[in-house]
Every structure is written in structure tokens, then in C-alpha cells.
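If you want the building blocks of each chain, they are given just below.
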Amino acid sequence: MHCQTLVLGAGIVGVSTALHLQARGRNVVLLDRQAPGNGTSHGNAGLIERASVIPYSFPRDISKLLRYGLNQQSDVRYSLKHLPKAAGWLLQYWQHSSPKGLAAATRAMLPLVQRCVVEHDELATPAGMGALIQGDGWVEAFNDEAAFAKARHDAEGLAEYQLNYRVLDRQQMHALEPGLHSDIVGGLHWLDPKTVSDPGGLTRGYAELFQQRGGTFVLGDALSLCQHNGQWQVDSEQGVICAEEAVIALGPQAPALFEPLGYRIPLAIKRGYHMHYAALPGTHLHHPVLDPIGGYVLAPMVGGIRLTTGIEFADSDDPLNEIQLRRCEALARRFYPLGERLDAEPWLGRRPCLPDMCPVIGPAPEHPGLWFNFGHAHHGLTLGPVCGRLLAEMMTGATPFTDPTPYRADRFQ
Ligand SMILES: Cc1cc2nc3c(=O)[nH]c(=O)nc-3n(C[C@H](O)[C@H](O)[C@H](O)COP(=O)(O)OP(=O)(O)OC[C@H]3O[C@@H](n4cnc5c(N)ncnc54)[C@H](O)[C@@H]3O)c2cc1C
């Protein structure tokens, strides 16, 4: 099989990239080792996070660091044996999280974040996926007056970004989400984001649109990629596929392909879990609710109320560890009345993260015809469509809608 462009990885990033290349006239084959939308893109919290204009940085507050050092927190947990391996990456992350570094990351990410909702809308409507997307934002809830006051202050500090949000007192919070525990003293309702009630289903819907428009999806192993007679070649269940150009969009698994090609890009994994819970009779969760202190989200999904956890630093292949989920579940039950667990075991996902909090989008410097699109960290669902557009514009010689320099692959050399 011959095609112009081979996109490796059918998560939200690869599927969106394939659609944008196709829209610009490329004949595209999309390859994954499983059906689309079953990697990290399956299990996230479903936030199209237009309000996260400041990237998720390494904490620099000493008291917070000391608390994390005890490894008893619900929002961040680490495996002791993993720490020595992660130390170099964590140091880089800490350095990039300085006020100057974070300001640079914020500037770099803003053009992407600003377009995230509109880019999803442009795909969701023709894909017929509108029913999976809700337009009423998400809620940050507090059961502590001091934390609520700090959050209001922090939100005021974001004035230059012109985000739309409402400050809700106790009564307004309970009017918005009647099921919330009476301890909740208030919250912030972020209005710009949209939310998705089945992120994996949305990714599959986009993949179906790609196929309806004439694209081909094949099962195969991206690690078989090699160069042959000036073309890129990969083995698939439908035989060998040759292409003039290839895109690596393998999310957390991208290093398995770019490292043997000689690239030293510091991509690390922040693991995270989810579990679904039944709604108790007479209760209905209307919006995703973030407990910023506990570091988890409760999101209404087609499969039940999904609790997603914060960060776990552990080896990518370590067995799943329920400690963090149990800690979050205990806190969540004090926020909202959850019924029984619905999944036999927790889902484990891996956020693909770069220490400067920006993804890698652009050409592979040493391999003509090879392109990268990975490392979208905490916001890959948010950024998939907009980053798909950016890479497609770069590959087809169109003027990119924003300067792609901050995302170049050689920035760590
Ligand atoms: C708990 C949790 C909550 C999150 N919440 C949010 C949120 O609310 N909003 C948000 O924007 N983001 C969120 N994220 C982050 C988001 O889910 C990821 O950034 C995003 O899914 C990454 O997409 P991707 O396409 O790069 O990777 P993936 O979805 O992992 O796709 C990579 C694909 O590559 C395929 N692949 C890998 N290796 C091979 C191979 N050798 N051959 C063939 N195929 C291969 C995989 O099968 C997979 O389909 C969350 C993440 C976690 C873990």
C-alpha cells in the first residue's frame, strides 16, 4: 500500500493530525496497534480546558514540597524506586518552572489554548459528536474558606487573559450542583471550557469522520517504521505501507520510536488513574467538579461518575497501585455522594510530558519527511485538534496560524 502520509498513533493527537492533513489534500493512512481512542485519550477527565492558561508547573513553594516529600498526598504520589531515574527530568522541570520559565511556557501555550474549543467544534460538528460535548464549563469546589479566598485571588490575577468565570457562594454552588456535600463553602465556575462525556468515544468519532472522508485506518506496529528507498515504511495487518512522510503521534509511547532514531527528547510520564462510580438514587452530577486540594476531578461520563486522579511518578510499566485512587476516593466521598465502584479495576493512563511544559510539534531535524506531534501532557484532549492543525499547516507549506518555534524538537540540545 502506498500513501503520501502515514500518521502513527490514533489517539486524539494522531486522529486530529490525520483529519487536518486530509483536509489539505494529503492521502493519509492512520496506524495504531489497537482501535482508535484506546490509549491515554480514552480515560481522561474530558475537559477541553480553555481556562488552563498557566501550564501545570513544578511547585516551588517549600511547604508544599515538604508535604510532597512525605508522599502521603492525594494529588501527587511517587514510587521511591522511580525517583532516582526521574531525578534529572524533575530537575529540568523544576528549572523551567521558575517564574521566568513559567511565563515563557504560558506565552508559548496561549495561542494553542485560545483556539482549543473552536478547533474541537470544527471537528465535532461534521463528526456528529455534538451530543458528547457539553458547553457549560466545569466547577472548582472548596470546603475550606482560606483555600476558596486564595482561589478567588488567583483567578483575579488572570484578568489579562479575559477568562469568563463566576464566583459562587455556598448557596449558588448548591443550586448549581445540589448533590454536593453541605460542607462546600463556595466555588468557581469556569465558563469558557467545554467538557466531554466520553473522550475515547469522541476520538473514535473523529477517526470515523477521517474514514468517511476517504482516509484509511490500519492496525500495525509503529515500531516497525524504517526508511527504504527514500520512503517511510511500516508493517501493518494489511501488508507493508510506504509513504513519503510519516508523523509520530504515539503520545507516551513516542520515545520507543524516536530514541532508536537518535533523538534525545526528555519525554517523561506522569501516570494517572480513573474509576467510575454509580450515581446514588435521586442525585445527578451536572458538571465536572475539581477538588483542587485533593487533586482529583469528578466528571459525569456516559459510563458513570468518573473520578480521575492527579499525578503518579512511577515507571511506565509498573503495575497499577491503588493507593492514590483510594486516597482520592475517600476525599471525594466527602464532596459528593458516590455509589459503588463500577469498574473491575482502575484504569491507568500516562500523560506524555516535556519539562518545559510545551509539546513537540514539527519536523524531525535529522530525518527528512519525518514529523513529530507528541508531549501534550495534562491537556492532550484539549490540544489535539489545534495541534493537528498546526502540524498540518507546517507539513503542507501553509502559513502556520502561530509561530511553531517554541515546540521545535531540537530545543533541548
Ligand atoms: C487521569 C488523566 C486525566 C486527564 N484529563 C485530561 C483532561 O481533562 N483534558 C485534557 O485535555 N487532557 C487530559 N489528560 C491528558 C490527555 O489524556 C493526554 O494528553 C492525551 O490523551 C494524549 O493523547 P495522544 O494522542 O498524544 O496519546 P494517546 O491517546 O495515548 O495515543 C497514542 C496512541 O499510540 C498508540 N501506540 C503506541 N505505541 C504504538 C505502537 N508501537 N504501534 C502502534 N500504535 C502505538 C496507542 O495505542 C495510542 O492509541 C488526562 C490524562 C490522564 C492520565
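Summarised in this report is the structure supplied together with it. None of the values given here were measured: they were computed from a predicted structure. One numbering rule holds for all chains: residues counted from 1, following each sequence as written. It should be noted that, the model being predicted, local features are given only for residues of pLDDT at least 70 and side-chain atom pairs only at 80 or more, the latter also being counted only at that level, while totals for whole chains, interfaces and linings use all residues. The side-chain quantities take in all heavy atoms of the structure and omit both hydrogens and water.

Let's shift gears to the overall build of the chain. In DSSP terms, a helix is any run of H or I states spanning at least four residues, a strand is any run of E spanning at least two, and both are numbered starting from the N terminus. Summing up its helical and strand segments, the chain has 11 helices and 22 strands in all. Against the 2.2 N^0.38 benchmark of 22 Å for 413 residues, the chain shows a C-alpha radius of gyration of 21 Å, consistent with a compact globule. When the backbone C-alpha atoms are referred to their principal axes, the chain occupies close to 65 × 45 × 45 Å. Note on classification: 1.4 Å probe, protein chains only; a residue is buried when its accessible area is under 20% of the maximum for its type, exposed when over 50%, partly exposed between these limits. Scored against the burial criterion, the 413 residues of the chain give a buried share of 58%. Contacts between residues were defined by any pair of non-hydrogen atoms, one from each residue, lying within 4.5 Å. Considering only intrachain contacts with a sequence separation of at least 6, the fraction spanning at least 24 residues in the chain is 76%. Shrake-Rupley sampling with a 1.4 Å probe provides the accessible areas, and residues are treated as covered by the protein chains on show and by no other component. Accessible surface for the chain amounts to roughly 17,100 Å². Of this, 53% is attributable to carbon and sulfur atoms. Counting rule applied: Lys, Arg positive; Asp, Glu negative; His and chain ends not counted. Charge placement uses NZ in Lys and CZ in Arg. For Asp and Glu, CG and CD serve respectively. A distance of 4 Å separates the average location of the 34 positive side-chain charges in the chain from that of its 41 negative side-chain charges. Atoms counted for the radius of gyration: C-alpha only. Globule rule: 2.2 Å times the number of residues to the power 0.38.

The next point concerns the layout of surface pockets. Of the voids in this model, the second largest pocket is the one considered here, and its volume is about 290 Å³. Taken together, 18 residues form the lining of the second largest pocket, with H82, L267, A268, I269 and S316 sitting closest to its centre. Mapped by element, the contributors of at least two residues to the lining of the second largest pocket are α3 (83-96), α9 (255-258) and β14 (268-279). It is α3 that provides the largest number of residues to the lining of the second largest pocket, a total of 3 residues. For this classification, the nonpolar set comprises Ala, Val, Leu, Ile, Met, Phe, Trp, Tyr, Cys and Pro, the charged set comprises Asp, Glu, Lys and Arg, and every other residue, Gly included, is treated as polar. A per-class count over the lining of the second largest pocket returns 12 nonpolar, 3 polar and 3 charged. Any residue with an atom within 4 Å of a point lines the site, the site being either a cavity, points on a 1 Å grid over the protein atoms alone where a 1.4 Å probe fits but cannot get out, or a pocket, an open set with protein on both sides within 12 Å along at least 5 of 7 lines. Grid points are joined across faces, edges and corners, and a volume is the space filled by probe spheres set on the points.

Near the ligand you find 37 residues, and of these D32, T40, S41, A377 and T382 are the closest. I12 places a main-chain nitrogen or oxygen 3.3 Å from an oxygen atom of the ligand. Polar contacts, as used here, are pairs of N or O atoms within 3.5 Å; protein pairs need one atom able to donate a hydrogen and one able to accept it. Residues neighboring in sequence count only if both atoms are side-chain atoms. At a separation of 2.7 Å, an oxygen atom of the ligand approaches a polar side-chain atom of T40. Protein burial of the ligand: of its 1,000 Å² of free accessible surface, 98% is covered by the chains. Among the secondary structure elements, those contributing two or more residues to the shell around the ligand are α1 (12-23), β2 (28-32), β14, β20 (347-353) and α11 (380-395). Ranked by the residues each element gives to the shell around the ligand, the list is headed by α11, at 3 residues. Split by residue class, the shell around the ligand holds 14 nonpolar, 19 polar and 4 charged. A cutoff of 4 Å decides nearness: a residue is near a molecule or strand if any of its heavy atoms lies inside that distance of it.

This part takes up the packing of aromatic side chains. Stacked, edge-to-face and tilted labels apply to pairs of Phe, Tyr and Trp rings (six-membered ring for Trp) whose centres lie within 6.5 Å, assigned for plane angles under 30 degrees, over 60, and everything in between, in that order. Applying the stated criterion to the full structure yields 10 aromatic pairs. Ring geometry for W89 and Y93: centres 5.1 Å apart, planes at 45°, overall tilted. Of this pair, W89 and Y93 are both found in helix α3, 4 residues apart, which corresponds to roughly one turn of the helix. Both residues of the pair, W89 and Y93, count as buried. Both rings, one in F258 and one in F372, keep their centres 6.3 Å apart while their planes meet at 55°; by these two values the pair is tilted.

Even without glycine at this site, N71 takes up a positive phi of about 60°. For Q162, which is not a glycine, the phi torsion comes out positive at approximately 50°. Of the residues examined, Q162 reaches a relative accessible area of 66% and is grouped as exposed.

Here we come to the packing of helix α5 (residues 116-127) against helix α8 (residues 199-212). Contact geometry for α5 and α8: axes closest at 9 Å, N-to-C directions at 70°. One way to sum up the angle between α5 and α8 is to call them roughly perpendicular. For α5 against α8, the interelement crossing comes out left-handed. Counting all contacts with α5, which are made through H120, L123, A124, P126 and A127, the residues of α8 involved are L202, G205, Y206 and L209. Considered class by class, the residues forming the contact of α5 with α8 number 7 nonpolar, 2 polar and no charged. Axes, fitted as lines to C-alpha atoms, cover a helix only where it is in contact. Angles between the N-to-C directions of the axes lie from 0 to 180 degrees. Note that the term roughly parallel is reserved for angles under 35 degrees, roughly antiparallel for angles over 145, roughly perpendicular for angles of 65 to 115, and oblique for everything else. Handedness of a crossing follows from how the near helix is turned relative to the far one, being left-handed for an anticlockwise turn of less than a right angle and right-handed for a clockwise one.

Looking now at the sheet that holds strand β5 (residues 133-134). Hydrogen bonds along the backbone pair up the strands of a sheet, which may run parallel or antiparallel. Strands were regarded as paired on the criterion that DSSP finds at least two bridges between them. Taken in spatial order, the 3 strands make up an open sheet running β3-β9-β5, and their pairing is antiparallel. Both edges of this open sheet fall to β3 (47-48) and β5, since each of them pairs with a single strand only. Pairing of β3 with strand β9 (residues 194-196), which is carried by 2 bridges, proceeds in the antiparallel orientation. Following the sheet pairing, I48 is matched in β9 by K194.

Take the side chain of D356 next. Relative to the helices and strands, D356 is located in the loop between β20 and β21 (360-363). A polar atom in the side chain of D356 sits 2.5 Å from the side chain of R411. Among all residues touching D356, those that are not within four sequence positions of it are H96, A105, R411 and F412.

By nonpolar core is meant a set of buried Ala, Val, Leu, Ile, Met, Phe, Trp, Tyr and Cys residues that side-chain atoms within 4.5 Å join together. Grouped together as the largest cluster of nonpolar side chains are 66 residues, with contacts concentrated most on L30, L112, W190, L202, Y206 and V247. Among the elements that make up this core, the one with the highest residue count is α11 (9 residues). Counting 29 residues, the second largest nonpolar core, distinct from the first, contains I248, F258, L354 and V360.

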